[in-house]
Amino acid sequence: MPGIQPYLRRMLHGWQTIVVANRPPIDLHPEQSGPGRVTRGGGGLVTAMSALAQASGSIWVAAARGTADLELVRSAGEDQVVEVTTQDQETFRVVFVTPDHETYELYYNQISNPLLWFVQHYLWDLGREPILDGRTWRAWRDGYQVVNQQFADQVVRVAGRSRSRPLVLTQDYHLYLMPAMVRERLPEARLQHFIHIPWPTPQYWKVIPRAMRDGIMTGLLGNDVVGLQTSLDVRNFLMTCEENLGLGVDHRQRIVFYEGRSVWVRAYPISIDIAALAKLAESDAVLEQERQIASWRPELLILRVDRTDLSKNIVRGFLAYERLLETHPELRSRVVFWALLQRSRQDVDAYRAYLGALVSAAARVNRRFQTGSWLPIRLEVEENMHKAVAAYKSYDALLVNPIYDGMNLVAKEGVVCNTRDGVLVLSENAGSYEELGAHSLGINPFDIDQTAEALHTALTMPRRYRSSRARQLRQVVRRNDISRWISDQLQDLNDLLAQ
Ligand code: G6P
């Protein structure tokens, strides 16, 4: 990102940018004998925002999520900015919010993930779930509202220490109530909120009780700009304001009229930091991982890299691969499906059960087809960015088959790193399909026969077709890299300020 820094300095001159996200940009891995490692945090949000935060010198307000974070807070002093550098030499300035364990549990494990994540990814089997009752309301009141208030307090505190005007860049579904709270106390601030996950239809939002969903909307409408991933998300958001709140909306200008203000609603398809990824791809750690892969890889490699999230559709991916091995026995022993997965949200029952289900699905397929010298699925549950990048370089087919996904940065990272003209098999319900669909093999993520056929086509595609697709995919991602994502948002904020 070095190229964007002068631009950011110019655009942000006179502003104190404050990134606000549940997740800190760093993961601490303490060791008994010494301070331990610091890596960049997981997930698409951190991947994208870390570029902006570093380039703009932002302060990042995040929740302390465990004893290692709390230890850091204790050593730096409550409410203080801590400067932390990762093992890949990225430096962040972080201020933590420190909800107690139970409050965080209610906010994160009862509302944010099982409720908001589920509604926004259409994950429920509505005939049976969700069942909302007094416990849901308690989690809303004593968890979600409380933590949003704590974040608002911290943002106000951070803003109060700077002489520059605050520009508050809030992220995602954990913090929907916070912008209105901040606006009330910092009327001079500019507030932008980016939602990394899909925005469903107004009808589907009606699964959530009215007072909650109205609270979410009025919290969000405290912003000046609401950013979403795709044009479909923007349309759904505008319709939600119109249908569920009866607000005036201008669909052409993409504006919601609320309490005498105009709130802009815009699509900014998120992307990746190409230069940083290219550098990482050539690092010694990644080259070492590549050597290890070369020592075991078969002729053909199918890869997936995902958090163990229900929305990622990992079990159907294994079923599709099973179908591939059934219908194309000539591929047996020549191919391996490598699932490189990161454990996610294991305090939520549905996620724990899902991890169990996907491990059993992989084991069953392996039992059915394995031979003395061939294991059809290589399943690794591990957080290792170096290994993931080496895997990106090495695949012949990358399977990205989410049920619904805001964007999916694995698809973008994969296509820019890959060195084998690998083919992208992509769900039409991933946000990235809007940009990458034309040069990938599109699938309905529920249809395992179609997914199996797409994997077969990917593995047997003649070289010249593969390489032209791979080239075009790389071009699309390079054209719309993270600098563009950042500059489009700042340009809009600038236009808004000029009004
Ligand atoms: C997605 C969400 C982020 C979240 C990330 C990882 O990318 O949009 O808000 O941080 O997943 O999930 P986690 O719950 O581990 O932070």
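Residues numbered from 1 in each chain as written. Predicted model: local features only at pLDDT ≥ 70, side-chain atom pairs only at ≥ 80, totals over all residues. Heavy atoms only, no water.

Another aspect to go through is the domain arrangement of the chain. Domain annotation of the chain identifies domain 1 (2-271 + 483-498) and domain 2 (274-479). Counting residues at the interface gives 26 residues for domain 1 and 25 residues for domain 2. Buried surface at the junction of domain 1 and domain 2, summed over both partners, amounts to about 2,000 Å²; 62% is from carbon and sulfur atoms. Where domain 1 touches domain 2, the interface holds 0 salt bridges. The interface formed by domain 1 and domain 2 contains 6 residue pairs in polar contact (both at pLDDT 80 or more). Sorting the residues of the side of domain 1 that touches domain 2 by element identifies helix H2 (44-56), helix H4 (101-120) and helix H9 (231-245) as the ones contributing at least two each. Here the side of domain 1 that touches domain 2 takes 6 residues from H4, the largest share from any one element. (Domains from an automatic or database assignment. Contact = heavy atoms within 4.5 Å. Buried area = accessible area lost by both parts, 1.4 Å probe. Salt bridge = Lys/Arg side-chain N within 4 Å of Asp/Glu carboxyl O. Polar contact = N/O pair within 3.5 Å; in protein donor to acceptor, adjacent residues only side chain to side chain. Helix = DSSP H or I, 4+ residues; strand = E, 2+ residues; numbered from the N terminus.)

Moving on, we get to the packing of aromatic side chains. Under the defined criterion, the tally for this structure stands at 18 aromatic pairs. Between the aromatic rings of Trp60 and Phe92, the centroid separation amounts to 6.3 Å while the plane-to-plane angle is 85 degrees, which identifies the pairing as edge-to-face. With Trp60 in strand E4 (residues 59-63) and Phe92 in strand E6 (residues 91-97), the pair connects residues that are 32 residues apart, well separated along the chain. Taking 5.4 Å as the distance between ring centres and 65 degrees as the angle between the ring planes, the aromatic pair formed by Phe318 and Phe337 counts as edge-to-face. In this pair, Phe318 sits in helix H12 (residues 314-327) while Phe337 sits in strand E14 (residues 335-342), placing the two residues 19 residues apart along the sequence. According to the relative accessible area criterion, Phe318 is buried, its value standing at 0%. On the basis of relative accessible area, Phe337 is assigned to the buried category, the value being 0%. Over the aromatic face of Tyr465 sits the side chain of Arg464, whose NZ or CZ is 4.7 Å from the ring centroid. (Phe/Tyr/Trp six-rings, centres within 6.5 Å; stacked < 30°, edge-to-face > 60°. Buried < 20%, exposed > 50% of the residue type's maximum accessible area, 1.4 Å probe, protein only. Lys NZ or Arg CZ within 6 Å of the ring centre and 35° of its normal.)

Pairing is parallel across the open sheet formed by 6 strands, whose spatial order is E15-E14-E13-E16-E17-E18. The open sheet has two edge strands, strand E15 (377-381) and strand E18 (441-443), and neither has a second partner. When strand polarity is set aside, the average angle formed by the axes of neighbouring strands in this sheet is 20 degrees. Packed on one face of the sheet, helix H17 (residues 448-460) meets strand E13 (300-307), E14, strand E16 (397-400), strand E17 (423-427) and E18 and runs near 170 degrees to E18. (Pairing = 2+ DSSP bridges. Axes fitted to C-alpha atoms, helices over the stretch in contact; angles between N-to-C directions.)

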